[in-house]
Amino acid sequence: MQLVLLARLLSVGRAVLAALRGRLGALCWSLAPLSLSLPLSLSLPGWRDSAPRPQREQEGDDAAPTPTSVNYHFTRQCNYKCGFCFHTAKTSFVLPLEEAKRGLAMLKEGGMEKINFSGGEPFLQDRGEFVGKLVQFCKQELELPSVSIVSNGSLIRKQWFEKYGEYLDILAISCDSFDEDVNVLIGRRQGKKNHVENLHKLRQWCREYAVAFKINSVINRFNVEEDMNEQIKALNPVRWKVFQCLLIEGENSGEDALREAEKFVISDEEFDRFLDRHKDVSCLVPESNQKMRDSYLILDEYMRFLNCRNGRKEPSKSILDVGVEAAIKFSGFDEKMFLKRGGKYVWSKADMKLDW
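Notes on the structure in this doc start here. These figures come from a predicted structure and were not determined experimentally.

1. A look at the packing of helix H2 (residues 97-109) against helix H3 (residues 129-141)
The description of two helices packed together rests on the angle between their axes and the distance between the axes.
Alright, step 1. Relative orientation of the contacting elements H2 and H3 amounts to 35°, with a least axis distance of 11 Å. In terms of crossing hand, the pair formed by H2 and H3 is right-handed. Contacts from Leu 97, Ala 100, Lys 101 and Leu 104 in H2 reach Phe 130, Lys 133, Leu 134, Phe 137 and Cys 138 in H3.

2. Notes on the nonpolar core
Alright, step 1. Core analysis: the biggest nonpolar cluster contains 68 residues, and Tyr 72, Leu 104, Ile 115, Phe 117 and Trp 240 have the highest contact counts within it.
Alright, step 2. The residues touching Trp 240, leaving out its near neighbours within four places in the chain, are Ile 215, Ser 217, Met 228, Ile 232, Phe 274, His 278, Val 281, Cys 283, Leu 284 and Val 285.
Alright, step 3. Residues Val 218, Phe 243, Ala 261 and Tyr 296 belong to the second largest nonpolar core, which totals 16 residues.

3. Here we look at the pairing of strand S10 (residues 314-318)
Alright, step 1. Across the five residues of S10, four count as buried, placing the element largely inside the fold.
Alright, step 2. Two strands pair when backbone bridges link them, and strand S9 (residues 304-307) and S10 are joined in this way by three bridges, in the antiparallel orientation. If you follow Asn 307 over to S10, its bridge partner there is Glu 314.
Alright, step 3. Between the antiparallel neighbours S9 and S10 lie six residues, among them Gly 311 with a positive phi of about 85°.

4. Description of the environment of Ser 151
Alright, step 1. Structurally, Ser 151 is set in strand S3 (residues 146-151).
Alright, step 2. For the pair Ser 151 and Gly 120, spaced 31 residues apart in the sequence, the C-alpha separation amounts to 8.3 Å.
Alright, step 3. Excluding residues within four positions of it along the chain, Ser 151 makes contact with Glu 121, Pro 122, Phe 123, Ile 156, Ala 172, Ile 173 and Ser 174.
Alright, step 4. Only 2.8 Å separates the side chain of Ser 151 from the backbone nitrogen of Gly 153, close enough to count as a polar contact.

5. Observations regarding the layout of surface pockets
Alright, step 1. Taken as a whole, the largest pocket spans an internal volume of roughly 990 Å³.
Alright, step 2. Taken together, 50 residues line the largest pocket, and the ones lying closest to its centre are His 73, Phe 86, Ser 118, Gly 119 and Val 150.
Alright, step 3. Of all elements in the fold, only strand S1 (69-73), strand S2 (114-118), S3, strand S5 (212-219), strand S6 (239-244) and helix H9 (289-294) reach the threshold of two or more residues within the lining of the largest pocket.
Alright, step 4. Per element, the largest residue contribution to the lining of the largest pocket is four residues, and it comes from S5.
Alright, step 5. Residue composition of the lining of the largest pocket, by class: 19 nonpolar, 18 polar and 13 charged.

6. So, the environment of Ser 148
Alright, step 1. Of note, Ser 148 is situated in strand S3.
Alright, step 2. Sequence separation between Ser 148 and Ser 348 is 200 residues; the distance between their C-alpha atoms is 9.4 Å.
Alright, step 3. In contact with Ser 148, other than residues within four places in its own chain, are Lys 114, Ile 115, Asn 116, Phe 117, Leu 168 and Ile 170.
Alright, step 4. Reaching out from Ser 148, the side chain makes a polar contact with the side chain of Lys 114 at a distance of 2.9 Å.

7. Quick word on the packing of aromatic side chains
Alright, step 1. Within the structure shown, the criterion is met by 15 aromatic pairs.
Alright, step 2. Each residue in the set Phe 123, Trp 160, Phe 161, Tyr 164, Trp 205 and Tyr 209 is aromatic and connected to the rest through ring pairs, giving one cluster.
Alright, step 3. The ring of Tyr 345 is capped by Arg 239, whose NZ or CZ atom sits 3.6 Å from the centre of that ring.
Alright, step 4. Seen from the ring of Tyr 296, Arg 341 lies directly overhead, with NZ or CZ sitting 3.7 Å from the centre.

8. Side note on the pattern of salt bridges
Alright, step 1. For the structure on display, the rule yields 16 salt bridges.
Alright, step 2. Ionic pairing is found between Arg 76 and Glu 301, a salt bridge with its closest N-O pair at 3.2 Å. In this pair, Arg 76 is assigned in the loop between S1 and H2 and Glu 301 in the loop between strand S8 (298-299) and S9, connecting sequence segments 225 residues apart. By the burial criterion, Arg 76 is buried, and Glu 301 matches it.
Alright, step 3. Arg 304 is the partner of Asp 300 in a salt bridge, and the nearest nitrogen-oxygen pair spans 2.8 Å. One exposure class covers both Asp 300 and Arg 304, and it is buried.
Alright, step 4. Each of Arg 76, Glu 251 and Glu 301 takes part in one network of salt bridges that share partners.

9. Considering unusual backbone geometry
Alright, step 1. Of note, the amide linkage connecting Gly 119 to Gly 120 takes the cis form, showing an omega dihedral of 15°.
Alright, step 2. On the secondary structure map, Gly 120 appears in the loop between S2 and H3.
Alright, step 3. Its identity as a non-glycine residue notwithstanding, Glu 143 has a phi of 55°, on the positive side.
Alright, step 4. Here Glu 143 shows up in the loop between H3 and S3.

10. What about the pairing of S5?
Alright, step 1. The buried fraction of S5 amounts to eight of the eight residues, a majority that puts the element mostly inside the structure.
Alright, step 2. Relative to S5, strand S4 (residues 170-174) runs parallel, the two being bridged by five bridges. For Ser 174, the partnering residue across the bridge sits in S5 and is Asn 216.
Alright, step 3. Bridge count between S5 and S6: six bridges; the pairing is parallel. Counterpart to Asn 216 in the pairing with S6 is Lys 241.

The rules behind each value
Residues numbered from 1 in each chain as written. Predicted model: local features only at pLDDT ≥ 70, side-chain atom pairs only at ≥ 80, totals over all residues. Heavy atoms only, no water. Axes fitted to C-alpha atoms, helices over the stretch in contact; angles between N-to-C directions. Helix = DSSP H or I, 4+ residues; strand = E, 2+ residues; numbered from the N terminus. Left-handed = near helix turned anticlockwise from the far one by under 90°. Contact = heavy atoms within 4.5 Å. Core = buried A, V, L, I, M, F, W, Y, C linked by side-chain atoms within 4.5 Å. Buried < 20%, exposed > 50% of the residue type's maximum accessible area, 1.4 Å probe, protein only. Pairing = 2+ DSSP bridges. Polar contact = N/O pair within 3.5 Å; in protein donor to acceptor, adjacent residues only side chain to side chain. 1 Å grid on protein atoms, 1.4 Å probe; cavity = no way out; pocket = protein on both sides within 12 Å on 5 of 7 lines; lining within 4 Å. Points joined across faces, edges and corners; volume = space filled by probe spheres on them. Nonpolar A, V, L, I, M, F, W, Y, C, P; charged D, E, K, R; others polar. Phe/Tyr/Trp six-rings, centres within 6.5 Å; stacked < 30°, edge-to-face > 60°. Lys NZ or Arg CZ within 6 Å of the ring centre and 35° of its normal. Salt bridge = Lys/Arg side-chain N within 4 Å of Asp/Glu carboxyl O.

Pasting the structure below:
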């Protein structure tokens, strides 16, 4: 009799525990959206995480995208004041070097093949030593197939190439016009230094130190009628990335923005006419607003993925806190568009077989 009673009590106990587990699971799921708005646990100087969270792009067991190519904007500080800039100096925060390396190693483990360092201006931090050490780490320690930098070029010295050039696959220099008066109007100038003359100097250094040379141009109201055929062909970059001027709320548009880029905006038709005028440039890689918005994996200075699907940059939690797979699900990244725009290409200088 006692054994029967004991068996019944155990059965009731199991049922109660099962019910409690079910209720606890439902409670945790219902609190999941709330957890997205909680502060990050990483206690670093200058840490802020007040921006709204993007809507979940994937639910349940959906596979996370692979971070094949990542753009790490490790600083927002810049010595130029380009009027259309959509990653402005809203903070001065830069991760400690070892924390940045830890995050990069996590990305490599998650499937990263290419890292692009950007800003702000990457060569502002420690006179280029910070980005140099990251470049060396990614090529030497992580053995990434491709390591690149996007810079305005104004702070790069030949000594930097001597020290770090062997570890860099691609150097992309931003140049929106070959008319210095237009560069001044845009804000791509500091002091009396001639941006175009400096561009040619950097091109020569890339030849000397076997670094693939690339040019990035933002097509906007002030340069949309310019003919750049002759200059681009003379410089002969491996790629000429041509972007349509893009508005991002909170960055270069809206009440809390540091720029007012509306006056730089051009229509799709104007952008297409510019592309048609330069269709014979073999290295031309056009990127309209539609292609840009969802096809880039962007990490900010806190190593948070930035989701631009709603027209503003909405951050995930930091990969340093939650890991790459959890953070990337909130990136809004469109892998199909990434491949469609030609995001995967021959990006290791060892495979380019260039005549330096």
